[in-house]
Amino acid sequence: MKAIQYPRTLGVALTGAALTCAATVALADIKNYEFRLVEPTVKAGPDKAIAVKLVDKKTGKPVPDAVIFATRLDMAPDGMPEMATRLDPLPGTEPGTYRFNATFGMAGRWQLSLGAKVQGETGTVESKLVIQADQ
Ligand SMILES: [Cu+2]
C-alpha cells in the first residue's frame, strides 16, 4: 500500500546550493536514519572535502544509495545565515558515505543542511550538522 504520493518534481526542484528552504515530511520510519559528520573540523580555505555518513540508528550500519536532493552550507551557527558557500558532490569512498567539495571562506562554524531519500523508505531524512572551520 502506498500511503503518500510525492510530487514528481520534488527531487529536481530542490537540487542546488542556492536552496534556502526545503518543505519536507518526516514520518516515523525515516527518523531511524541520520547523517553524521566523518570529521567535525576542517581547515578554512578553498576546495575542502567534507564527508558525511548516513547511518541506520537501529543497526548502526551505513546506508548506501540514498538520493541527496537538498544541500546547503552556510554560517548560520555564527549568525551569518546569508553567508552560504557552494557545495559540489564528490564520489563516495565507501558505501553509505557521501562527500562534497566546498570552500570555507571564513573560519568559524558552518551548518551543513542535508535532505535525502532512503531506498525503500517513505519520507525524507533531514539533518543539520555543524562543521568547525579552523584558521
Ligand atoms: Cu561568515
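Since this is a predicted model, take the numbers as computed values, not measurements.

K.L.:
In this structure, what is going on with the overall build of the chain? I would like to understand it.
P.N.:
Helix and strand content of the chain: one helix and 10 strands. Taken from the N to the C terminus, the helices and strands of the chain come in the order α-β-β-β-β-β-β-β-β-β-β. Burial analysis of the chain (135 residues in total) assigns 38% to the buried set. When the accessible area of the chain is evaluated, it comes to approximately 7,800 Å², of which 54% is carbon and sulfur surface.

K.L.:
Explain the sheet that holds strand β9 (residues 108-117) here, please?
P.N.:
Adjacent strands of a sheet pair through backbone hydrogen bonds, lying either parallel or antiparallel. Here five strands make up an open sheet; going across it, the order is β2-β10-β9-β5-β6 and the pairing mixed. Edge strands, defined here as strands with exactly one partner in the open sheet, are β2 (41-43) and β6 (80-85). Recorded for the sheet is a direction-independent mean angle of 35 degrees between the axes of neighbouring strands. Examined bridge by bridge, β9 and strand β10 (residues 125-134) share nine bridges and lie antiparallel to one another. What sits directly across from Ala116, in β10, is Val125.

K.L.:
Honestly, the coordination of the copper ion in this entry has me stumped. Any pointers?
P.N.:
Any two of four tetrahedral donors ideally make an angle of 109.5 degrees at the metal, while pairs among six octahedral donors ideally make 90 or 180 degrees. Looking at the copper ion, the protein donor atoms are Met75 (SD), Met80 (SD), Met83 (SD) and Met106 (SD), and they sit 2.2 to 2.5 Å from it. Angles of 100 to 130 degrees at the metal separate the four donor atoms of the copper ion, which places the site in the tetrahedral class. All donors to the copper ion come from one chain, and their sequence spacing reads M-x4-M-x2-M-x22-M.

K.L.:
Would you take a moment to explain the packing of aromatic side chains for this structure?
P.N.:
Aromatic ring pairs are reported here in terms of the distance separating the ring centres and the angle at which the planes meet. The final tally for this structure, using the stated rule, is two aromatic pairs. Aromatic pair Phe35 and Tyr98: ring centres 6.2 Å apart, planes at 80 degrees, arrangement edge-to-face. Residue Phe35 is found in strand β1 (residues 33-37), and its partner Tyr98 is found in strand β8 (residues 97-104); the two are separated by 63 residues along the sequence. The buried category is assigned to Tyr98, whose relative accessible area is 12%. Ring centres of Phe104 and Trp110 lie 5.4 Å apart, and the angle between their planes is 85 degrees; on these two criteria the pair is classed as edge-to-face.

K.L.:
Explanation requested: the nonpolar core in the structure shown.
P.N.:
A general feature of soluble globular proteins is that nonpolar side chains tend to end up buried together. Counting residues in hydrophobic clusters, the biggest one holds 27 residues, and the most contacted among them are Phe35, Leu54, Phe104 and Leu112. Taken together, the elements giving at least two residues each to this core come down to β1, β3 (45-56), β5 (67-75), β8, β9 and β10.

What counts, and at which threshold
Residues numbered from 1 in each chain as written. Predicted model: local features only at pLDDT ≥ 70, side-chain atom pairs only at ≥ 80, totals over all residues. Heavy atoms only, no water. Helix = DSSP H or I, 4+ residues; strand = E, 2+ residues; numbered from the N terminus. Buried < 20%, exposed > 50% of the residue type's maximum accessible area, 1.4 Å probe, protein only. Areas by Shrake-Rupley, 256 points an atom, 1.4 Å probe, with all protein chains shown as cover. Pairing = 2+ DSSP bridges. Axes fitted to C-alpha atoms, helices over the stretch in contact; angles between N-to-C directions. Donors = N, O, S within 2.8 Å, 3.2 Å for Na, K, Ca; no water. Tetrahedral: all angles 85-135°; square planar, octahedral: opposite > 155°, others 65-115°. Phe/Tyr/Trp six-rings, centres within 6.5 Å; stacked < 30°, edge-to-face > 60°. Core = buried A, V, L, I, M, F, W, Y, C linked by side-chain atoms within 4.5 Å.

What is shown is where atoms sit, not what they do.
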